[in-house]
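Results of the structural survey
Okay, here's what each chain looks like letter by letter:
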Amino acid sequence: MPSQRTDAQGLTPLPMRVRPHLGESTENYIRRLARANHLKPSALHSVACGPPNWTGKPRIERLAILTGRPVDHLERALADGSIPRLRTTITGRYEWLPKDTYLLYLKIRKDAEKGLSSHQLAERHGVSRRIVRQALTASLPPARRRPNSYPKTPVIDLVRHLVDPMISQDKSAKEIWTALMDDHGVSISFSTLNAYVRNQRTGYSSSSLPQRLCGPPPWPH
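Here's what I pulled together on the structure shown here. As the structure is a computational prediction, the values presented were derived from the model and not from experiment.

Next up on the list: unusual backbone geometry. Excluding glycine, a negative phi dihedral is what most residues carry, and trans is how most peptide bonds are arranged. Phi at histidine 38 is positive, roughly 55°, even though this residue is not glycine. Mapped onto the secondary structure, histidine 38 falls in the loop between α2 (26-36) and α3 (41-49). A relative accessible area of 76% places histidine 38 in the exposed class.

Let's shift gears to the packing of helix α6 (residues 99-112) against helix α7 (residues 118-125). Angle between the axes and distance between the axes are the two parameters that describe a pair of packed helices. Where α6 meets α7, the axes come as close as 10 Å, and the angle between the chain directions of the two elements is 135°. By the angle between their directions, the pair α6 and α7 is classed as oblique. As α6 runs across α7, the sense of the crossing is right-handed. Between α6 and α7, the contacting residues are Leu104, Lys107, Ile108, Asp111 and Ala112 on the first element and Leu121, Arg124 and His125 on the second. Taken together, the residues that form the contact of α6 with α7 break down as four nonpolar, one polar and three charged.

Assignment of secondary structure puts glycine 50 in the loop between α3 and α4 (60-67). Assessed through its relative accessible area of 0%, glycine 50 is described here as buried. Beyond its immediate chain neighbours, meaning those up to four positions away, glycine 50 contacts Arg59 and Arg62.

Another aspect to go through is the pattern of salt bridges. According to the stated counting rule, one finds six salt bridges in the structure shown. A salt bridge links arginine 124 to aspartate 111; its shortest N-O distance comes to 3.4 Å. Highlighted residues: arginine 124 in helix α7 and aspartate 111 in helix α6, separated in sequence by 13 residues. According to the relative accessible area criterion, arginine 124 is exposed, its value standing at 51%. In this structure aspartate 111 comes out as buried when scored by relative accessible area, which is 7%. Of the charged contacts, one joins aspartate 170 and arginine 201 as a salt bridge, the two residues approaching to 3.9 Å between their closest N and O atoms. Taken together, the positions of aspartate 170 in the loop between α9 (160-168) and α10 (173-184) and arginine 201 in helix α11 (residues 190-202) put the pair 31 residues apart, joining distant regions of the chain. Overall, aspartate 170 belongs to the exposed group, its relative accessible area being 62%. For arginine 201, a relative accessible area of 40% corresponds to the partly exposed category. Salt bridges sharing partners connect three or more residues here, namely Asp111, Lys114 and Arg124.

Right, let's talk about the nonpolar core for a bit. It is characteristic of soluble globular proteins that their nonpolar side chains tend to be buried jointly. Counting residues in hydrophobic clusters, the biggest one holds 18 residues, and the most contacted among them are Val163, Ile176, Leu180 and Leu193. Tallying contributions element by element places α10 first for this core, with six residues. Excluding residues within four positions of it along the chain, valine 163 makes contact with Ile176, Leu180, Leu193 and Tyr196. Listed in part, the 15 residues of the second largest apolar core include Val18, Tyr29, Ala34 and Leu74.

Our next topic: the side chain of threonine 26. Tracing the backbone shows threonine 26 in helix α2. What makes threonine 26 buried here is its relative accessible area of 5%. The contact partners of threonine 26, leaving out residues within four places of it in the chain, are Pro58, Leu63, Leu78, Asp80 and Gly81.

Axis separation between α9 and α10 bottoms out at 10 Å; the angle between their running directions is 130°. In terms of axis orientation, α9 runs oblique to α10. Crossing of α9 against α10: the hand is right-handed. Between α9, through Leu162, Val163, Met166 and Ile167, and α10, the contact on the second element is made entirely by Ile176, Ala179, Leu180 and His184.

Rules used in this analysis
Residues numbered from 1 in each chain as written. Predicted model: local features only at pLDDT ≥ 70, side-chain atom pairs only at ≥ 80, totals over all residues. Heavy atoms only, no water. Helix = DSSP H or I, 4+ residues; strand = E, 2+ residues; numbered from the N terminus. Buried < 20%, exposed > 50% of the residue type's maximum accessible area, 1.4 Å probe, protein only. Axes fitted to C-alpha atoms, helices over the stretch in contact; angles between N-to-C directions. Parallel < 35°, antiparallel > 145°, perpendicular 65-115°, else oblique. Left-handed = near helix turned anticlockwise from the far one by under 90°. Contact = heavy atoms within 4.5 Å. Nonpolar A, V, L, I, M, F, W, Y, C, P; charged D, E, K, R; others polar. Salt bridge = Lys/Arg side-chain N within 4 Å of Asp/Glu carboxyl O. Core = buried A, V, L, I, M, F, W, Y, C linked by side-chain atoms within 4.5 Å.

Shown next as structure tokens:
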């Protein structure tokens, strides 16, 4: 297995530096970084991942080189910078919070989007920086509380209206994955998408699709 230093050989900082917003996701940061540098999000995502899994979770060490920022800076700023990414851009597991806490978290997140530091957020809302970190990393539910028995919708069902027309246009799974990320701001597992496309074309039911099938990386080394 190549070392991180060897794996990152050839990477250089991007011309335009973009400061990460406190509490934003890695995916959203990559989209903003790509737009600032006139790149496609899918292309920058693959560079941040590196071989062998070009469509997996972006590696924080590679992203640090691309952005010219220390690894620990990105880990503190990005909500999923130091943990395995959960693809919460489509669906996610929510936490039920008391109403007052929920509203406080929303206010902290809104101010964080303005570029305030964790220290400034703590002072403005009269809380500790630990509470600020919790507010920025919690998976908040929608305003309307859903029953615990509410069935979880498969990820693919939520993007079916985007994917099916592209399948009918005979686009490949790679092309569809790229279009979802570049044109619709949607991040979805390539293996899940690849399995869905393959089964749609062979006539298998999508309800029996495995969620973690291994597919070949869409870009060569």
